[in-house]
Amino acid sequence: MSKITNVAGNASGSEGVKEDMLLVHYNYKTNVMLITGTFLDEISHDIPHQNWSEKEWEQDFRHMQAMGIDTVILIRSGYRRFITYPSAYLLQQGCYQPPVDLVELFLTLAGKYGMRFYFGLYDSGRYWDTGNMQHEIDHNRYVIDEVWQRYGHHSSFGGWYLSMEISRKTRGAIEAFRTLGMQCKQVSNGLPTFISPWIDGKKAVMAASGQLSKADTVSIQEHEREWNEIFDGVQGAVDAVAFQDGHIDFHELDAFFRVNKQMADRYGMQCWTNAESFDRDMPIKFLPIKWEKLRLKLEAARRAGYDKAITFEFSHFMSPQSMYPSAAHLYNRYMDYKASL
Amino acid sequence: MSKITNVAGNASGSEGVKEDMLLVHYNYKTNVMLITGTFLDEISHDIPHQNWSEKEWEQDFRHMQAMGIDTVILIRSGYRRFITYPSAYLLQQGCYQPPVDLVELFLTLAGKYGMRFYFGLYDSGRYWDTGNMQHEIDHNRYVIDEVWQRYGHHSSFGGWYLSMEISRKTRGAIEAFRTLGMQCKQVSNGLPTFISPWIDGKKAVMAASGQLSKADTVSIQEHEREWNEIFDGVQGAVDAVAFQDGHIDFHELDAFFRVNKQMADRYGMQCWTNAESFDRDMPIKFLPIKWEKLRLKLEAARRAGYDKAITFEFSHFMSPQSMYPSAAHLYNRYMDYKASL
Amino acid sequence: MSKITNVAGNASGSEGVKEDMLLVHYNYKTNVMLITGTFLDEISHDIPHQNWSEKEWEQDFRHMQAMGIDTVILIRSGYRRFITYPSAYLLQQGCYQPPVDLVELFLTLAGKYGMRFYFGLYDSGRYWDTGNMQHEIDHNRYVIDEVWQRYGHHSSFGGWYLSMEISRKTRGAIEAFRTLGMQCKQVSNGLPTFISPWIDGKKAVMAASGQLSKADTVSIQEHEREWNEIFDGVQGAVDAVAFQDGHIDFHELDAFFRVNKQMADRYGMQCWTNAESFDRDMPIKFLPIKWEKLRLKLEAARRAGYDKAITFEFSHFMSPQSMYPSAAHLYNRYMDYKASL
């Protein structure tokens, strides 16, 4: 198969192509953004469960480590009545007793494999139903204290994820992020916090809907104006922002990423990318993304000077043992790419 | 991994939690409902085909036997023009010649592995299109006689499944269930019959729709009033009722199950649960359910004193050889649970 | 398992069945249409990507060869900004640099495994958005010349696929097919061209929609009148037409196929069937089709005297290494069928 040229090493053969475009696409060895973090999507909104035991989870942490992951983030500690650890507080609220203590499991594995664990706050579901964040504040006041008391001794407990997913139209979220972010930092001697909002782009549609895109999307100017206000409001309570990268078109990445980085710099936050490893363009919602698309998104984050790349998420969409066999191939393509650097 | 506590054995550590909630969740060794039956979904409405040969089917019966299944139910013997056995009558109606005689196959395998086979009646599709059951009565008058003549000699032929799936708004179904149930029993020397209706709850939406739930749902009082009328009408022709358990929310299970059991007792029927092993909460319709959810549903059936649990269905959603790899993990989780009892 | 009769060999036992129906279904040894071609769906509209490397692609060509495939068709050389080969022209238009030259890869593999490769034209996406074919004509004028110059030396370069998918309401397509088809033939010393339109039947709904069927469908008379006009217009520029076979119901196949073949004969074209190997009747869009359905469609094509059967497509829906495990079983069922002839 030696006749098959990997195009990336073949820039000289493309006379007539605009130079700036070439730079973007060909010199990827100086344009690399590696994935060093992943969400752990136990208690899912919309991703079917794999029914793994502790054995499969440990194997997955080994795969993550081999790929270079040093950060794992529990996407939420509970959603409505399903919870990840036996919270005395949440059980009193009517949540179901979980069969396994996943927080203990993930903290233990993170410690064993040298990773930093971020705890994702509880999501009551009320915010999704009503747009009102007060329930999230009320519940998480208790959850934060309980969790730190119960698990704060783990050296792998490395930070907090404020799990409320918002976009521009949720500016009431400022108060929630400020209140909860400050509480997280206070109980834990200043451990870092981060958020992962979405950009209100053309692919910002409901997972269960029959649509893939919508017409009413945000402009880059509106995005900047509205997020500037949000960043200003949460400054000091949020240490990093990791915008989800899948709701805009690929050719829009550079413009939005540049603005995001400028805003993060302005307010003293780190700018991460949440590189979605599932494909938003397909009727099956969702299966692993085409490697070419993931690479485009990662390289755009590098061009914008982002600080770190995390992914949603490894275990379904990039793991060699995922229930979706194309995830194993995505893992192999990513590892080939890393090895070629 | 010895630090990871299985919560089920750790009730003492949760002071402050309401006692009745603890009893429900912790003492599951006295609260167990094992699955002893499964549908066989050949000729499917909405579950993609696995394209198994007789070899894979025999392997699946071995897996079922290992899990404790003693009852297999052909969900329907035909749907519109596709049929499971070469019925002279249905071929005359324009149905397609089936490539394999699945009724013969399943009866043979049931006999070999010590299971009882229920034959599911033919579904012309007209009822789904028009709401009129007359076509189902007309066709199945012939099918019942033909099937008993052709396959009644199998010792594994253990009963009949009246395959028309109805809910509260289909009270015209009483006449169909009565007519066909009585005929089934008469030709077969009284072999038992059962039905598997659905509860008109929040998740009762079309499989192919873009929705996961609806607002217009039945109250427990309406459910009881309307089903009381149906049970009264089919008494004597139907020996067991196995409500599908997936259309209501998990915290509604106890209330509905209690009423179902009371009604079944009132009219002298067995009360089974059709424990759905696929997940109704996800955009991909359908993949294997999270084990935690299946356990919640089974334990609710036990609390209500149900007589038997069957599932829809083993081969796609719980089989080690399913096309969905998470089904194999669900099987493992179920087997771990059984072994822990 | 010797008691399980394969029905196909058992016609004598079905007295009372209409003779013409029997002929259709039972004598399949004289009624066989084997699949000898497949699309290669790299750059997909709606089929998730498998993330294969050259190694998996070569393995897939070996599987294809074992199944009897002699023709591979690149479904499109690009879609919007994603392209399959480093086209100087398309990169100038803002397309993304592809990570691998798939055209070179597929031509090389086709040569190695004795297959004929058809090159599918570029799809700008504008036609889908606006109904206007002019963009497709403008871009492909350059693409055709570039591709022939770059890859025309491959002995496996065997023809052109005019990738614009149309149906009856797209009669403006005549001009595009004529212009592009003639150009393809002129640059390549008359290599053949073909198209693969769809029939505007009940299953002609958008892949991403929540529907499986629609009410407003074409009659056989309208189909003939409108396609007669299209065939008349493209005569000489198009050598074969391969209607997609999945948009009509199975019992409609014979009537439509008969008309298609008559029209193809009238205008001197070959009549192929594009036998879809995915299932259009299921909520998950799309997974591998039930073998029984594929066989019905292939046999209908034989009865109509079709010249060749290709499929959309082998690598996802029939390959032993597909991400969908039921594809491997479909492959096995197909190979059993072939072996039984």
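A brief look at the structure comes next. Remember, it's a predicted structure, so these values are computed and weren't measured experimentally.

1. Thoughts on the interface of chain B and chain A
Reasoning step 1: Each side of the interface is counted separately: chain B has 37 residues, and chain A has 42 residues.
Reasoning step 2: Both faces considered, chain B and chain A share a buried interface measuring about 3400 Å² in area, 63% of it formed by carbon and sulfur atoms.
Reasoning step 3: There are zero salt bridges connecting chain B and chain A.
Reasoning step 4: Taken together, the links from chain B to chain A amount to five residue pairs in polar contact (both at pLDDT 80 or more).
Reasoning step 5: Elements with a minimum of two residues in the side of chain B that touches chain A: α1 (19-26), α10 (291-303) and α12 (325-339) of chain B.

2. Topic: the sheet that holds strand β5 (residues 116-120) of chain C
Residues and elements named next belong to chain C.
Reasoning step 1: Strand order in this closed barrel of eight strands is β1-β2-β5-β6-β7-β8-β9-β10, and the pairing throughout is parallel. On average, adjacent strands in this sheet sit at an angle of 30° to one another, irrespective of strand direction.
Reasoning step 2: Where strand β7 (residues 193-195) lies against strand β8 (residues 240-244), two bridges are found, and the strand directions are parallel. Following the sheet pairing, I195 is matched in β8 by V241.
Reasoning step 3: The sheet strands contacting helix α2 (residues 54-67) are β1 (35-40) and β2 (71-74), and the helix crosses β1 at an angle near 155°.
Reasoning step 4: On the sheet, helix α4 (residues 102-112) packs against β1, β2, β5 and β6 (157-161) and is oriented at approximately 160° with respect to β5.

3. So, the relation of the copies chain C and chain B
Reasoning step 1: Its rotation angle being 120°, the transformation that places chain C on chain B also includes 0.0 Å of axial translation and leaves an RMSD of 0.0 Å. What we have between these two chains is a three-fold relation. When each C-alpha of chain C is compared by its distance to the rotation axis, G210 of chain C comes out closest, at 2.8 Å.
Reasoning step 2: In this assembly the copies use different faces: only 6% of the residues contributing to the interface of chain C also contribute to that of chain B.

4. Quick word on the pairing of β8 of chain C
All names here are of chain C.
Reasoning step 1: Within β8, five of the five residues are buried, which leaves the element mostly enclosed by the surrounding structure.
Reasoning step 2: Here β8 shows no split at all, with A240, A242 and Q244 on one side and V241 and F243 on the other all buried.
Reasoning step 3: Taken together, β7, helix α8 (residues 220-234) and β8 form a β-α-β motif whose crossover is right-handed.
Reasoning step 4: Across five bridges, the pairing between β8 and strand β9 (residues 270-276) is parallel.

5. Regarding the pairing of strand β2 (residues 71-74) of chain A
Each regular strand shows side chains that alternate between the opposite faces of the sheet.
Residue and element names in this part refer to chain A.
Reasoning step 1: Burial along β2 is two-sided: the face carrying T71 and I73 and the face carrying V72 and L74 are both buried.
Reasoning step 2: Here strand β1 (residues 35-40) pairs with β2 via four bridges, running parallel. Within the sheet, the bridge partner assigned to G37 lies in β2 and is T71.
Reasoning step 3: Crossover connection from β1 via helix α2 (residues 54-67) to parallel β2: handedness right-handed.

6. A look at the interface of chain C and chain B
Reasoning step 1: At the junction of the two partners, chain C supplies 36 residues and chain B supplies 42 residues.
Reasoning step 2: Summed over both partners, the interface of chain C with chain B comes to about 3400 Å²; 63% of that surface belongs to carbon and sulfur atoms.
Reasoning step 3: Applying the counting rule to chain C against chain B returns zero salt bridges.
Reasoning step 4: At the surface where chain C touches chain B, the tally comes to five residue pairs in polar contact (both at pLDDT 80 or more).
Reasoning step 5: Among the residues forming the side of chain C that touches chain B, the class breakdown is 18 nonpolar, nine polar and nine charged.

7. Regarding the relation of the copies chain B and chain A
Reasoning step 1: Least-squares fitting of chain B to chain A yields an RMSD of 0.0 Å, with the superposition described by an axial translation of 0.0 Å and a rotation of 120°.
Reasoning step 2: Both copies present different contact surfaces, since only 5% of the interface residues of chain B are interface residues in chain A too.

8. Description of the environment of A275 of chain A
Residue and element names in this part refer to chain A.
Reasoning step 1: Within the secondary structure layout, A275 lies in strand β10 (residues 270-276).
Reasoning step 2: In the structure, A275 is positioned 32 residues away from F243 in sequence and 8.5 Å away in space, judged by C-alpha atoms.
Reasoning step 3: Ignoring any residue separated from it by four or fewer positions in sequence, one finds A275 in contact with D245, L294, L298, I310, T311 and F312.

Thresholds applied
- Residues numbered from 1 in each chain as written.
- Chains lettered and ligands numbered in written order.
- Predicted model: local features only at pLDDT ≥ 70, side-chain atom pairs only at ≥ 80, totals over all residues.
- Heavy atoms only, no water.
- Contact = heavy atoms within 4.5 Å.
- Buried area = accessible area lost by both parts, 1.4 Å probe.
- Salt bridge = Lys/Arg side-chain N within 4 Å of Asp/Glu carboxyl O.
- Polar contact = N/O pair within 3.5 Å; in protein donor to acceptor, adjacent residues only side chain to side chain.
- Helix = DSSP H or I, 4+ residues; strand = E, 2+ residues; numbered from the N terminus.
- Pairing = 2+ DSSP bridges.
- Axes fitted to C-alpha atoms, helices over the stretch in contact; angles between N-to-C directions.
- Least-squares fit on C-alpha atoms with pLDDT ≥ 70 in both.
- Buried < 20%, exposed > 50% of the residue type's maximum accessible area, 1.4 Å probe, protein only.
- Right-handed = clockwise from strand over helix to strand, strands pointing away.
- Nonpolar A, V, L, I, M, F, W, Y, C, P; charged D, E, K, R; others polar.

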